[in-house]
Amino acid sequence: MNGKKLLAGTAVLAVAGVCVSSAVRDEPLTPPIADHGPVRLVAFDSCDNAVTELRRAMAPYVTAYGLGGGPTMFAEGMATDSAGVAQKATPDARAATPPAQQQEHSTTNVHEQGVDEPDVVKTDGKRLVSIVGGRLRLVDVASKAVTGTVDLGERRASQLLVSGDRALVVTEGPVPLFEPTSPPGRPSYAPEAGTELVLVDLKTLEEIGSLKTDGFYLDARQIGGTARVVVRSQPRLPWVYPDQTTNEAGSLRRNKEILQSEPISSWLPRYELDENGARSSGTLVDCANVSRPAAPSATSMLTVLTFDLSGKLGTGRPVSIVADGDTVYGTDRSLYVADDHRLLPELPSRRPVQRPVSTAIHQFDISQAGAPKHVASGEVNGTLLNQYSLSEHEGVLRVATTTGTETRCCWRVPADVAPPQREAAPPSESFVTTLRREGGQLVKLGQAGGLGKGERIYSVRFIGEMGYVVTFRQTDPLYTLDISDPRQPRVTGELKITGYSAYLHPAGDGKLIGVGQEATSQGRTTGTQVSLFDVSDPASPRRLAQHHLPDTSSEAQFDPHAFLYWPQDGTLVVPVSSHRPDFEVSSLVLRVEGDRLRDAGRIAEPSGQDGRGGQRRTIVIGDQLWSISDAGVQVNARNGLAQQAWLPFTP
């Protein structure tokens with residue numbers, strides 16, 4: 001991709017104006033922190049310049065234990081009261097009317113029309129392609145039979161994209177690997193992970209290519225037959241660690257020497273390509289195709305790979321940026337990658353401190369064939385929940401964030417095992433900010449704040465000129481926002497109820513569906529809750545109906561791909577799991593009928609399977625519901641839910 005600054009994600013971050021001499025010093029460097037530095041991307045003009053800049057940027061983070069403040073495995077530390085949880089939009093607004101579906105089958109529930117997202121199941125109405133259970137399986141709809149299987153071996157298939165008779169399967173290493181260090185038994189804190197992309201011919205059911213890259217898979221998007229895959233890699237430097245023969249000062253000195261001697265290849269991601277038995281390997285991206293923010297940390301790199309699924313796999317015409325990435329959002333013309341800087345290592349000799357959190361956003365033009373082109377960058381305060389926190393409408397980007405502070409560290413970990421905060425955090429607050437591209441910058445137009453003070457975002461939906469934000473701590477305020485004037489977005493209404501919605505979906509006729517958890521007045525969650533909201537009057541949102549399943553949770557709360565809504569007859573399906581009295585996963589089927597939710601029943605797997613599975617996805621095909629799990633495929637009538645077929649998956 002000839003020097004195009006591609007995708008991925010993110011970045012901005014810290015360490016503005018850090019200069020490091022080539023001489024190795026024992027005392028740790030303590031440069032000033034720039035949490036809100038410039039976010040524009042610039043390209044390296046040579047490999048020599050690239051390695052010099054990367055060494056300089058990484059130097060402040062080098063310790064006796066590699067990168068970070070010491071021998072800790074904790075990651076980033078989650079933002080206090082601010083790790084927002086959000087979701088995104090579809091089309092219209094006050095009418096909240098989903099697009100008419102002309103086909104007789106449902107597809108993956110995606111953020112934007114025409115922009116497909118990877119999932120565990122894909123269908124064209126005639127066949128199902130599934131990777132649940134670790135194998136790619138082809139199911140013929142007419143005969144209700146498994147017609148082919150591709151054994152992926154020990155590779156863990158996680159997501160799938162399909163175009164015609166080609167499937168691109170994303171496989172990932174099962175867990176980050178920790179290389180042995182000296183003395184034995186001490187983790188190195190240097191995660192080694194890999195992503196492998198496998199291109200499969202669905203006619204011959206053969207692998208026609210596989211591309212291995214080092215690093216973590218972040219996300220992917222597909223428009224037509226073109227797929228773009230984002231991976232995040234870390235530099236591979238042979239750090240040493242204190243042991244019986246080397247103290248911390250000696251280890252620190254040696255690590256600084258290692259940094260200054262490592263070549264550019266230690267930062268650039270690697271690849272292994274196998275196409276029809278022909279194998280090649282090497283550095284994935286050229287220096288000319290690497291860009292960086294004005295103040296990179298040099299502790300990670302994002303690479304965007306572009307594939308035409310009708311052709312050969314190849315190496316994906318990669319383009320990289322020296323940055324981290326957390327969130328990918330795309331329309332049919334633009335790709336946005338956001339970075340909240342939470343993966344930045346701690347600086348040595350500094351106790352963890354809470355610092356303001358901001359999110360850098362990079363916009364890439366994907367309107368032309370080939371690799372995306374970076375066109376603008378910007379920054380907002382606070383952190384995103386997920387891709388639904390972002391929405392582009394008529395050239396304006398709307399962004400929902402929650403402000404707060406966080407302790408930075410190394411890798412992400414769940415909030416319940418994150419390092420304790422050292423200082424009292426200021427109250428959190430959520431905002432909706434509007435941005436427009438002006439030259440190479442995403443410039444702030446307006447902002448509406450004051451949402452859920454002391455709470456965090458749990459879901460977001462932007463629909464046309466309206467926005468809907470749910471925050472939660474003890475009760476669930478559902479806010480409605482008018483963004484028709486992007487320079488003056490404003491809150492128009494608020495509904496307070498117990499519990500929260502973690503996903504919002506337009507249901508037509510001025511209605512929204514919410515999937516989340518009911519809760520007590522003290523904020524203790526009590527089980528899956530599906531709500532039907534009337535938002536036709538933005539000043540007075542109200543809940544029309546509620547369905548509560550005590551002591552359950554739903555995958556749809558954190559993965560919208562598990563949610564199904566078929567507007568033709570109001571069929572609504574979400575998977576639910578219960579641990580009382582025994583673990584059970586089934587599909588809850590509701591019908592949206594006017595102002596009410598009618599319980600249409602539950603779909604559970606036939607008894608007698610080996611304990612695998614539990615419903616993962618449900619698809620509408622004609623007058624049937626096809627439910628796919630690790631154990632097999634079940635076919636039920638859409639009306640009455642009578643079972644019509646059961647296709648068990650053999651190991």
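Residues numbered from 1 in each chain as written. Predicted model: local features only at pLDDT ≥ 70, side-chain atom pairs only at ≥ 80, totals over all residues. Heavy atoms only, no water.

Topic: the pairing of strand β12 (residues 194-201)
No. 1: Of all eight residues making up β12, seven are buried, and the element is well covered by its neighbours.
No. 2: Where strand β9 (residues 166-172) and β12 come together, seven bridges link them in antiparallel fashion. Bridge pairing links R166 to D201 in β12.
No. 3: As paired elements, β12 and strand β13 (residues 206-214) share eight bridges and run antiparallel to each other. Bridge pairing in β13 links G194 to D214.
No. 4: Taking the residues between adjacent antiparallel strands as the criterion, β12 and β13 are bridged by four residues, where L205 takes a positive phi near 55°. (Buried < 20%, exposed > 50% of the residue type's maximum accessible area, 1.4 Å probe, protein only. Helix = DSSP H or I, 4+ residues; strand = E, 2+ residues; numbered from the N terminus. Pairing = 2+ DSSP bridges.)

Concerning the state of the cysteines
No. 1: Counted according to the given criterion, the structure contains one disulfide.
No. 2: Linked covalently through their sulfurs, C47 and C287 form a disulfide whose S-S length is 2.0 Å. On the sign convention where negative is left-handed, the bridge of C47 and C287, at about 110° about the S-S bond, is right-handed. Linking C47 in helix α1 (residues 47-58) with C287 in the loop between β17 (278-283) and β18 (290-293), this pair joins segments that are 240 residues apart in sequence.
No. 3: By relative accessible area, C47 is classed as partly exposed at 36%.
No. 4: In this structure C287 comes out as buried when scored by relative accessible area, which is 8%. (Disulfide = S-S within 2.5 Å.)

Topic: helix α2 (residues 248-261)
Residue pairs spaced three or four apart in an α-helix point in one direction, given the helix's 3.6 residues per turn.
No. 1: Taking 1.5 Å as the rise per residue, α2 with 14 residues should run 20 Å; its terminal C-alpha atoms sit 20 Å apart, in good agreement.
No. 2: Those residues of α2 hidden inside the fold are in contact with α1, β2 (62-63) and β3 (66-67). (Expected span 1.5 Å × (residues − 1). Contact = heavy atoms within 4.5 Å.)

A word on unusual backbone geometry
No. 1: Even without a glycine there, the phi angle at R317 is positive, about 45°.
No. 2: Locating R317 in the fold gives a position in the loop between β19 (301-308) and β20 (319-321).
No. 3: You will see that D509, though not glycine, has its phi angle at about 55°, which is positive.
No. 4: With respect to the helices and strands, the residue D509 is situated in the loop between β35 (500-508) and β36 (511-519).

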